[in-house]
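# Topology and contacts: notes
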Amino acid sequence: MVETNKHQIYPKIYVLLKLALTLPVATSTAERAFSAMKLIKNDLRNKMGDDFMDNCLVSYIEKDVFDSISNDRILENFRGSSCVLVD
């Protein structure tokens, strides 16, 4: 359509085609998030708070990013923070 300049003749059709072609890409992220939520939020964790669930979902969905971070780096980050752990 662009090669033949018909996108200028039919601008509404061109916008409709662009939206139809981007729809599967836009919905795959939401489907992946709901699929992860189904795995994380089970009967045992049914009463978890929204913040904790958000953190669990981010770490599950972006697990390839978290896998690239070493445990030593995480420990050093917690040692440098101002949080106090109580035994």
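Read on for an overview of the structure. (Residues numbered from 1 in each chain as written. Predicted model: local features only at pLDDT ≥ 70, side-chain atom pairs only at ≥ 80, totals over all residues. Heavy atoms only, no water.)

Summing up its helical and strand segments, the protein has five helices and zero strands in all. Each helix and strand of the protein, ordered N terminal to C terminal, gives the series α-α-α-α-α. Considering the protein as a whole, with its 87 residues, one finds that 8% of them fall into the buried category. In the structure as shown, the protein presents an accessible area of about 8,100 Å², 60% of it carried by carbon and sulfur atoms. (Helix = DSSP H or I, 4+ residues; strand = E, 2+ residues; numbered from the N terminus. Buried < 20%, exposed > 50% of the residue type's maximum accessible area, 1.4 Å probe, protein only. Areas by Shrake-Rupley, 256 points an atom, 1.4 Å probe, with all protein chains shown as cover.)

Applying the stated criterion to the full structure yields one salt bridge. The residue R79 makes a salt bridge to E76 at a minimum N-O spacing of 2.9 Å. Of this pair, R79 and E76 both sit in helix α5 (residues 71–80), three residues apart, roughly one helical turn. (Salt bridge = Lys/Arg side-chain N within 4 Å of Asp/Glu carboxyl O.)

Next up on the list: a nonpolar patch on the surface. The grouping of M1, I9, Y10, I13 and L17 at the surface amounts to a nonpolar patch, some 480 Å² of accessible area in total. The partly exposed category is assigned to L17, whose relative accessible area is 42%. (Patch = residues over 30% accessible without salt bridge, like charges linked within 9 Å, V, L, I, M, F, W, Y side chains within 5 Å.)

What follows concerns the nonpolar core. Of all hydrophobic cores here, the largest spans six residues; its members are A36, I40, M48, M53, C56 and L57. Every element with two or more residues in this core is listed here: α2 (11–40) and α3 (50–61). Of the residues forming this core, the biggest block, three residues, is contributed by α3. In this structure, M53 is in contact with M37, K41 and M48, ignoring residues within four places of it in sequence. (Core = buried A, V, L, I, M, F, W, Y, C linked by side-chain atoms within 4.5 Å. Contact = heavy atoms within 4.5 Å.)

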